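Analysis of the macromolecular model
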Amino acid sequence: MARGFMGKILWVDLSKKQIKEEALDEKMGRDFLGGYGLGARILFSRQKAGVDPLGPDAILGLVTGVLTGTDAMGGSRYVMVGKSPLTGGWGDANSGGNVGPYLKFAGYDAVFFTGKSDKPVYLLIDNGKAELKDAGKLWGKDSFDTQDILRAEHGKELEVACIGPSGEKLALIAAVMNNKGRAAGRSGLGAVMGSKKLKAIAVKGNMKIPVANEAASKEMRKKQVANKNPRSEFIGGFGTAALFNMSLESDDAPCKNWDGVGIIDFPKYKDISAEPVKAEQEKKYGCWHCPVGCGGIMKGSTGEFKYEAGAHKPEYETLAMYGSNLLNSNLASIIKANDICNRYGLDTISAGACIALALECYDKGIITKKDTGMEMKWGDPKAIIAMTEKMAKREGFGDILADGVKKAAEKIGKGAEKYAIHIGGQEYPAHDSRGGLMFGIGYGANPTPGRHTQGGEGPLPAGALPEYNFQSLKGRGKPHKRGVGITQAYNAAGICMIVIGDAYVHINDLVEAFRTITGWDITLDELVKTGARIETMKQAFNVREGIKTPWKHHDRMLGKPPKKVGPRAGATLDEAELAKEYYEEMGWDPKTGRPSKKALMDLGLDDVAKVLWP
Ligand code: SF4
């Protein structure tokens, strides 16, 4: 088995309570790099098309990458994979913290769950020994208590990925949580975990990950840590909150359910920016072995929006979705909302979008106090927190919101769909689709719609892309394909995108990291092609599910009608052109997204070609 991998996968049948070990196929490891690459390959082969994502035939995986837990800086990531109950297509969600590395130290590259347990269980993996254990006492507990109880029982070195009560209640915007404030939030996979009555995956171990060149690996690490880059210092100092002012001032951040202009409609934005956030921070922290340390633990607040010391610092996405998007300049309430979502296990991006839908529907008279049980006014932190709590607990009107904006709007009716800002069922992240066009292309073109971390043209190391005009769609297909390829590769391998460009200053540094850890004679061309294979594998999963892409954008994200004022006044996107060149470069049909037989065969996906082109 190639270095970097542990060489073993665990299969857990929750219906039969059976656990089996399987060797990781070496070629598959190199062809897909782990993470969502390996996940997509395995689910395409072993999960039937058309399964209910919340049913027993759905497979849920927790998968690490070939660089996870190694000396390669930022190698903290794992990915949850499965069929998304939000989109009906391929679903994945990436998280940092310690769980990914420790799954490997416990002896495995990935765990896949099939079936459905008849009672709550958790999986304990301790140095190569795996067992299912009763989780009756954990059911109903939040993600903080779940971790604390499991650590008290199995030792403080235990790492835990779990769902909170929202996942148990199958909220379709539920996340899988770890380290109390790290979330595998997107795609609704917390609900898939809840549907299986799987409360937690708890791992510990001290096995060594085999590495091809130990001395070179240590040397690489030293060099990466020594690379002090202003961007990582900025993010290390403030967290991703550092991005908030810049995003708001350029009209990248959402404002008033994506209908406003930040600098005009939300003048108090500096109240929730990096400096005041940092002032409430007790200490910073990082994921496993990460010197950047962009996470933060808050001091606690006894004010109106009380939260305990130990609450986590909100990320940029949370500040934007719960701040500017709701016209909410009350920082304590945003930290509180973040804490509720972390404890109950909700994706803060989707949760903020759901509250925005409720506020706009209330504002437009589509819903009233009779529906919501409370007044819902833009910028009212009390209403925002009260409704977030209801959503997390699936109570009252919160029960409607807990399944995401698309389903909520369908239930509300009366034209609410117009204010449900989603793409393919997934709420947009907090970056405008018109900025540099990268997000506009990616949100609709990617197999997982509405995602800002699936690649395009950034973040990438220097030398990754040829010169291109980032304000034009013309000539965009080639650089976008190359950028997606590299991003898919490092994401699948388990590297955090925040350290890209800092630890991996030049693209050759990234290639070298793969070579040093794995011993493969991998080249940049192979890495780019591998990324394209991963992306195409996920796309094939969607095609087999009957999904046609590009996903249809919401009009507001296309600038229809265009904004009249602000930095993006007049900007509109031509939806028909957005993904066209990129799909052509990938060999995917620009109208349906179906990869051509040739594109599949060129990537070595002959068996997939047979399924898609019988
Ligand atoms: S940069 Fe932040 S998110 Fe990324 S690995 Fe480091 S601490 Fe974790």
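Residues numbered from 1 in each chain as written. Predicted model: local features only at pLDDT ≥ 70, side-chain atom pairs only at ≥ 80, totals over all residues. Heavy atoms only, no water.

Here we look at the nonpolar core
Counting 98 residues, the largest nonpolar core has Tyr322, Leu357 and Met391 as the members making the most contacts within it. Looking at this core, the element that brings in the most residues is helix α14 (residues 348-363), giving 11 residues. Among the domains, domain 1 (8-204) and domain 2 (237-420) are the pair contributing at least three residues each to this core. Once residues lying within four places of it in the same chain are set aside, the contact partners of Met391 are Ile173, Tyr322, Leu346, Ala351, Cys354, Ile355, Gly398, Leu401 and Ala402. Membership of the second largest hydrophobic core comes to 79 residues, among which are Ile59, Met73, Leu437 and Ala579. (Core = buried A, V, L, I, M, F, W, Y, C linked by side-chain atoms within 4.5 Å. Buried < 20%, exposed > 50% of the residue type's maximum accessible area, 1.4 Å probe, protein only. Helix = DSSP H or I, 4+ residues; strand = E, 2+ residues; numbered from the N terminus. Domains from an automatic or database assignment. Contact = heavy atoms within 4.5 Å.)

Quick notes on the packing of helix α2 (residues 35-46) against helix α20 (residues 477-493)
Across the interface, α2 lies against α20 with an axial gap of 5 Å and an inter-helix angle of 90°. In terms of their interaxial angle, α2 and α20 are classed as roughly perpendicular. For the pair α2 and α20, contact is made by Gly35, Tyr36 and Gly37 and by Thr487, Gln488, Asn491 and Ala492, respectively. Of the residues belonging to the contact of α2 with α20, the class tally is 2 nonpolar, 5 polar and no charged. (Axes fitted to C-alpha atoms, helices over the stretch in contact; angles between N-to-C directions. Parallel < 35°, antiparallel > 145°, perpendicular 65-115°, else oblique. Nonpolar A, V, L, I, M, F, W, Y, C, P; charged D, E, K, R; others polar.)

Things to note about unusual backbone geometry
Of the consecutive residues Thr549 and Pro550, the connecting peptide bond is found in the cis state with omega at 10°. Secondary-structure assignment places Pro550 in the loop between α22 (524-544) and α23 (555-558). Cis peptide bonds are those with omega within 30 degrees of zero, and the linkage from Lys560 to Pro561 qualifies with -5°. Backbone geometry places Asn179, a non-glycine residue, at a positive phi of 50°. Structurally, Asn179 can be placed in the loop between β10 (176-178) and β11 (182-184).

Describing the pairing of strand β8 (residues 129-134)
Summarising the sheet, strand β7 (residues 121-126) and β8 pair through 6 bridges and their orientation is antiparallel. Of the residues in β8, the one forming a bridge with Ile125 is Ala130. Linking two consecutive strands that pair antiparallel, namely β7 and β8, is a turn of 2 residues; a positive phi of about 45° is found at Asn127 within it. (Pairing = 2+ DSSP bridges.)

Focus on the site of the ligand
Taken together, the neighbourhood of the ligand is formed by Ser76, Arg77, Arg182, Gly286, Cys287, Cys290, Val292, Gly293, Cys294, Cys496, Ile498 and Val499. The residue makeup of the shell around the ligand, split by class, is 7 nonpolar, 3 polar and 2 charged. (Near = heavy atom within 4 Å.)

Thoughts on helix α13 (residues 331-344)
Note that an α-helix has 3.6 residues per turn; residues three or four places apart therefore point the same way. Taking 1.5 Å of rise per residue, 14 residues should cover 20 Å, and α13 covers 20 Å from first to last C-alpha, within 8% of that figure. Burial runs high along α13: 12 of the 14 residues are buried. Capping the start of α13 is the job of one residue whose side-chain oxygen sits 3.2 Å from the backbone nitrogen of Ala332: Asn330. Once α13 ends, the next one or two residues include Gly345, with phi positive near 80°. (Expected span 1.5 Å × (residues − 1). Polar contact = N/O pair within 3.5 Å; in protein donor to acceptor, adjacent residues only side chain to side chain.)

Regarding the environment of Lys222
As for its position among the elements, Lys222 is in helix α7 (residues 214-226). Judged by relative accessible area, Lys222 falls into the exposed class, the value being 58%. Along the sequence, Lys222 and Met73 sit 149 residues apart, while their C-alpha atoms lie 9.5 Å from each other.

Looking at the domain arrangement of the protein chain
Partitioning the protein chain into structural domains gives domain 1 (8-204), domain 2 (237-420) and domain 3 (438-550 + 560-612). Between domain 1 and domain 3 lies a buried interface of about 3,300 Å² when both sides are counted; carbon and sulfur atoms form 64% of it. When residues of domain 1 are sorted by the area they lose upon contact with domain 3, Arg30, Tyr36 and Phe44 head the list and together hold 25% of the total. With a closest N to O distance of 3.8 Å, Asp92 and Lys538 form a salt bridge. Our count for the domain 1 to domain 3 interface comes out at 24 residue pairs in polar contact (both at pLDDT 80 or more). (Buried area = accessible area lost by both parts, 1.4 Å probe. Salt bridge = Lys/Arg side-chain N within 4 Å of Asp/Glu carboxyl O.)

Observations concerning helix α16 (residues 381-393)
Taking 1.5 Å per residue, 13 residues should reach 18 Å; α16 reaches 18 Å between its end C-alpha atoms and fits that length. Pro381, Ala383, Ile384, Ile385, Met387, Thr388, Met391 and Ala392 are the residues of α16 that are buried. On its buried face, α16 is in contact with α5 (165-168), α12 (316-322), α13, α14, α15 (369-372) and α17 (396-401). Measuring from the side-chain oxygen of the N-cap residue of α16 to the backbone nitrogen of Lys382 gives 3.0 Å; that N-cap residue is Asp380. At the C-terminal side of α16, Arg394 shows a positive phi close to 55°.

Regarding the sheet that holds β10
Hydrogen bonding along the main chain pairs the strands of a sheet, whether they run parallel or antiparallel. Pairing is mixed in the open sheet, where 6 strands are placed in the order β8-β7-β12-β9-β10-β11. Edge positions in the sheet fall to β8 and β11, since each has one partner strand and no second. Geometrically, the sheet is characterised by an average inter-axis angle of 20° between neighbouring strands, direction not taken into account. Relative to strand β12 (residues 198-204), β7 is paired through 6 bridges, and the arrangement is parallel. Bridge pairing in β12 links Val121 to Leu198.

Quick look at the sheet that holds strand β4 (residues 78-83)
With respect to topology, 6 strands assemble into an open sheet ordered β2-β1-β6-β3-β4-β5, the strand pairing being mixed. In this open sheet, the two edge strands, each paired with only one partner strand, are β2 (18-23) and β5 (90-95). This sheet shows a mean twist of 15° between the axes of neighbouring strands, independent of strand direction. Two strands pair when backbone bridges link them, and β4 and β5 are joined in this way by 6 bridges, in the antiparallel orientation. For Val81, the partnering residue across the bridge sits in β5 and is Asp92. Running at roughly 25° to β4, α2 makes contact with β1 (8-13), β2, β3 (60-64), β4, β5 and β6 (110-114) of the sheet.

Some remarks on the packing of aromatic side chains
Inspection of every chain in the model, using the stated rule, returns 11 aromatic pairs. A centroid spacing of 5.0 Å and a plane angle of 75° characterise the contact between Tyr102 and Phe105, whose relative ring orientation is edge-to-face. With Tyr102 and Phe105 both in helix α3 (residues 99-105) and 3 residues apart, this pair spans about one turn of that helix. Here the aromatic rings of Tyr583 and Trp588 are separated by 5.1 Å at their centres, their planes lie at 65°, and the arrangement is edge-to-face. The rings of Tyr102, Phe105 and Trp288 are connected pair by pair, giving a single aromatic cluster. Over the aromatic face of Tyr36 sits the side chain of Lys538, whose NZ or CZ is 3.5 Å from the ring centroid. (Phe/Tyr/Trp six-rings, centres within 6.5 Å; stacked < 30°, edge-to-face > 60°. Lys NZ or Arg CZ within 6 Å of the ring centre and 35° of its normal.)

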